[in-house]
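Structure assessment
One letter stands for each residue in the lines below.
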Amino acid sequence: MERRPRVKPVDAPCLPVPVRSRPPGPAMPLSRRAFLATATAAASLPLTERLHALRLARPVAAGGAAPSRPCVVASDNGLRGVRRAYDLLVRGDDTLDAAIAGVNIQELDPEDQSVGLGGLPNAEGVVQLDASCMHGPTRRAGAVACLEDIATPSLVAKAVMDYTDHVMLVGRDAKRFALQMGFREQPLLTEKSRQDWLRWRARLNPSDFWLDHDEDVEIRSTTGTINMNAVNAAGDLSSVTTTSGMAYKIPGRVGDSPIVGAGQYCDNTVGAAGSTGRGEANIKVCGGFLTVEFMRQGLAPRQAALRTLERMLAMTEARLLDAKGRPRFDIQVYALNKAGEHGAASMYEGSQYAVCDAGGARLEPCAFLFRRSEYPAGPVPVQRARGR
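A brief look at the structure comes next. What you see is a predicted model, and the numbers here were worked out from it, not measured in a lab.

**Considering the nonpolar core**
Core analysis: the biggest nonpolar cluster contains 35 residues, and Val72, Val82, Val144, Val156, Met228 and Val240 have the highest contact counts within it. Broken down by element, this core gets its largest block of residues, six residues, from helix α4 (residues 95–107). Excluding residues that lie within four positions of it along the chain, Val72 makes contacts with Val82, Ala85, Tyr86, Leu89, Met228, Asn229, Ala230, Ala354, Val355 and Cys356. Core analysis: the next-biggest nonpolar cluster, separate from the first, contains 23 residues, Cys71, Val73, Leu237 and Tyr334 among them.

Next comes the structure, spelled out in structure tokens:
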């Protein structure tokens, strides 16, 4: 029998409790002695309790988290996008139109290999895109998955929402729908991404007939995505997530981005949330929905994001954990509530997120569960097929 790390799942019920915003203002400073004392006491606790204790011991950065509307929050590759979306909100544009305009910047940027034009392809060299969106005021949603040859899947997802009674279209039929809606078909595989795919393919098997170019070769790989959440001055919310998915994935693989309730979720009475990183981990906990539900219970966005990461950790299979129960992957969760409070969290230290409000567009640090130095070394163990 395999031994699982001792992790206590989050078991708080999702009750409809009104959102309670924290009072603005900087956090109380914490002395080094107090931090060390808390950390030492936490060392003997089970993993989840240890994470809670250490997190509470870390000073919370002042600035950026005080409520402000309009406000736009995104993954760190959305710095240009949050500025664009914020300007549109100030002008009076719809929250979803503003958020999608923000992510379109990355979708159409061939240098961003995690989304849209120039995204890294699947194992067969084909770029397949996923996206989903939600419009808070009207409680509607749309999504597409495995979309080929259309650079802006976020807009196709919105068209599904606007013009059909469905929520998701996939594959060739999603492309057919997009062409019927007037979207332009174009090649998405740039020469830069094609070269990266060729290098990856050549190094798959040392015994095949592809030459391995070991000199100065860096194989680019990504699970990157862009998530964006927006709230306007009136408190209306929307969210969108768009991606080219995991690099060199098995053709047809769908991650969390196009799954409403996982890659993004929005409830106009509470807030919006989304994620980037390992989608398989997020799908299993419905992370976007769960984060919003934690905010519904009264948690601030940052704390809600951390609680969602703890649930992901508790639901992680043993092969993706090291002997100390630390995950062999990273993932980020972004959250924004109706009051304009925002926050984000990552499994490991070092991630940032983009935000734009009255204080301008900027990057802020994500909270985290583990120090970067704690990331497990070595590859993920090979999983053997089991007979039935």
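**Thoughts on the pairing of strand β7 (residues 264–267)**
Taking every second residue as pointing to the same face, both faces of β7 are buried, with Gln264 and Cys266 on one and Tyr265 and Asp267 on the other. Where β7 and strand β8 (residues 271–277) come together, four bridges link them in antiparallel fashion. Directly across from Gln264, in β8, lies its bridge partner Gly274.

**Points about the state of the cysteines**
By definition, a disulfide is the covalent link that joins the sulfur atoms of two cysteine residues. Evaluation of the coordinates by the stated rule reveals zero disulfides. Free of any disulfide, Cys71 has its nearest neighbouring cysteine sulfur in Cys356, separated by 8.0 Å.

**Details of the packing of aromatic side chains**
With the rule as written, the count across this model stands at four aromatic pairs. On the numbers, 5.2 Å between centres and 80° between planes, the contact of Tyr265 with Phe289 is edge-to-face. Highlighted residues: Tyr265 in strand β7 and Phe289 in helix α9 (residues 287–296), separated in sequence by 24 residues. Look at Phe289 and you get partly exposed, because its relative accessible area is 32%. A centroid spacing of 4.7 Å and a plane angle of 55° characterise the contact between Tyr348 and Tyr375, whose relative ring orientation is tilted.

**Description of the sheet that holds strand β13 (residues 367–370)**
What holds strands together in a sheet is hydrogen bonding between their backbones, with the strands either parallel or antiparallel. What the five strands build is an open sheet, ordered β7-β8-β9-β10-β13; its pairing is mixed. Bordering the open sheet on either side are β7 and β13, each of which pairs with just one other strand. In this sheet, neighbouring strand axes are inclined to one another by 15° on average, regardless of whether the strands run parallel or antiparallel. In this sheet, strand β9 (residues 331–337) lies alongside β8 in antiparallel orientation, the contact comprising seven bridges. Residue pairing across strands places Ser275 opposite Val333, the latter belonging to β9. The sheet contacts of α9 involve β7, β8 and β9, and relative to β8 the element is tilted by about 140°. Most of the contacts of helix α10 (residues 301–314) go to strand β10 (residues 342–348), to which it runs at about 30°, and overall it touches β9, β10 and β13.

**Details of a nonpolar patch on the surface**
Taken together, the side chains of Val167, Met168, Val170 and Val260 present a nonpolar region at the surface, about 290 Å² in accessible area. Structurally, Val260 is set in the loop between β6 (237–243) and β7.

**Looking at the pattern of salt bridges**
Going through the model one piece at a time under the given rule, you end up with 21 salt bridges. The salt bridge involving Arg253 is made with Glu280; its shortest N-O contact spans 2.9 Å. Of the two residues, Arg253 sits in the loop between β6 and β7 while Glu280 sits in helix α8 (residues 279–283), which places them 27 residues apart along the sequence. When its relative accessible area of 26% is taken as the criterion, Glu280 is described as partly exposed. Between Arg319 and Glu317 there is a salt bridge whose closest N-O contact spans 2.8 Å. Classification of Arg319 as partly exposed rests on a relative accessible area of 27%. Residue classification places Glu317 among the partly exposed positions, given a relative accessible area of 29%.

**Examining the sheet that holds strand β11 (residues 352–357)**
The strand order across the open sheet formed by eight strands is β4-β3-β2-β6-β5-β1-β11-β12, and the pairing between neighbours is mixed. What marks the edges here is a single partner per strand, and that holds for β4 (168–170) and β12 (360–365). Direction aside, neighbouring strands of the sheet carry axes that sit 10° apart on average. Of the strand pairs in this sheet, strand β1 (residues 71–75) and strand β5 (residues 226–231) are connected by four bridges, and their pairing is antiparallel. Of the residues in β5, the one forming a bridge with Val72 is Ala230. Here helix α3 (residues 79–91) sits on the sheet in contact with β1, β5, β11 and β12, set at roughly 160° to β1.

**A few points about the packing of α4 against helix α5 (residues 153–163)**
For the pair α4 and α5, the least separation of the axes is 9 Å and the interaxial angle reads 150°. Considering the angle they form, α4 stands roughly antiparallel to α5. From α4, Leu96, Asp97, Ile100, Val103, Asn104 and Glu107 reach across to α5, where they touch Pro153, Ser154, Leu155, Lys158 and Met161. Tallied by class, the residues present in the contact of α4 with α5 amount to six nonpolar, two polar and three charged.

**Re the packing of α3 against α4**
Axis separation between α3 and α4 bottoms out at 8 Å; the angle between their running directions is 155°. With respect to α4, the axis of α3 lies roughly antiparallel. Judged by the sense of rotation from one axis to the other, the crossing of α3 with α4 is right-handed. Residue-level inspection shows Arg80, Gly81, Arg84, Ala85, Leu88 and Leu89 of α3 in contact with α4, the latter providing Thr95, Ala98, Ala99, Ala101, Gly102, Ile105 and Gln106. Taken together, the residues that form the contact of α3 with α4 break down as seven nonpolar, four polar and two charged.

Here is what the cut-offs are and how they apply
Starting afresh in each chain, residues are numbered from 1 along the sequence in its written order. Only residues with pLDDT of at least 70 are given local features in this predicted model, and only at 80 or more are side-chain atom pairs given and counted; all residues enter the totals for whole chains, interfaces and linings. To get the side-chain values, take all heavy atoms of the structure and skip hydrogens and water. In these notes, a set of buried Ala, Val, Leu, Ile, Met, Phe, Trp, Tyr and Cys residues joined through side-chain atoms within 4.5 Å is what counts as a nonpolar core. Whether a residue is buried, partly exposed or exposed follows from its accessible area with a 1.4 Å probe, protein chains only, as a fraction of its type maximum: under 20%, in between, or over 50%, in that order. Secondary structure elements follow DSSP: runs of H or I no shorter than four residues count as helices, runs of E no shorter than two count as strands, and numbering proceeds from the N terminus. We call two residues in contact when some of their heavy atoms are within 4.5 Å. Only strands joined by at least two bridges in the DSSP assignment are considered to pair. Only a pair of cysteine sulfur atoms within 2.5 Å qualifies as a disulfide here. Between rings of Phe, Tyr and Trp, where Trp is taken as its six-membered ring, a pair exists when centres lie within 6.5 Å; planes separated by under 30 degrees are stacked, by over 60 edge-to-face, and by other angles tilted. Simply put, an axis is a line fit to the C-alpha atoms, just over the touching stretch for a helix, and the angle between two N-to-C directions goes from 0 to 180 degrees. A patch consists of residues exposed above 30% relative accessible area that lack any salt bridge, with like charges linked at up to 9 Å and nonpolar side chains (Val, Leu, Ile, Met, Phe, Trp, Tyr) linked at up to 5 Å. Note on areas: Shrake-Rupley with a 1.4 Å probe; residue coverage comes only from the protein chains shown. In what follows, salt bridge is the name for a side-chain nitrogen of Lys or Arg lying within 4 Å of a carboxyl oxygen of Asp or Glu. An angle counts as roughly parallel when it lies under 35 degrees, as roughly antiparallel when it exceeds 145, as roughly perpendicular when it falls between 65 and 115, and as oblique in every other case. Asp, Glu, Lys and Arg are counted as charged, while Ala, Val, Leu, Ile, Met, Phe, Trp, Tyr, Cys and Pro are counted as nonpolar; the rest, among them Gly, fall into the polar class. The hand of a helix crossing depends on one turn: near helix anticlockwise from the far one by less than a right angle means left-handed, and clockwise means right-handed.

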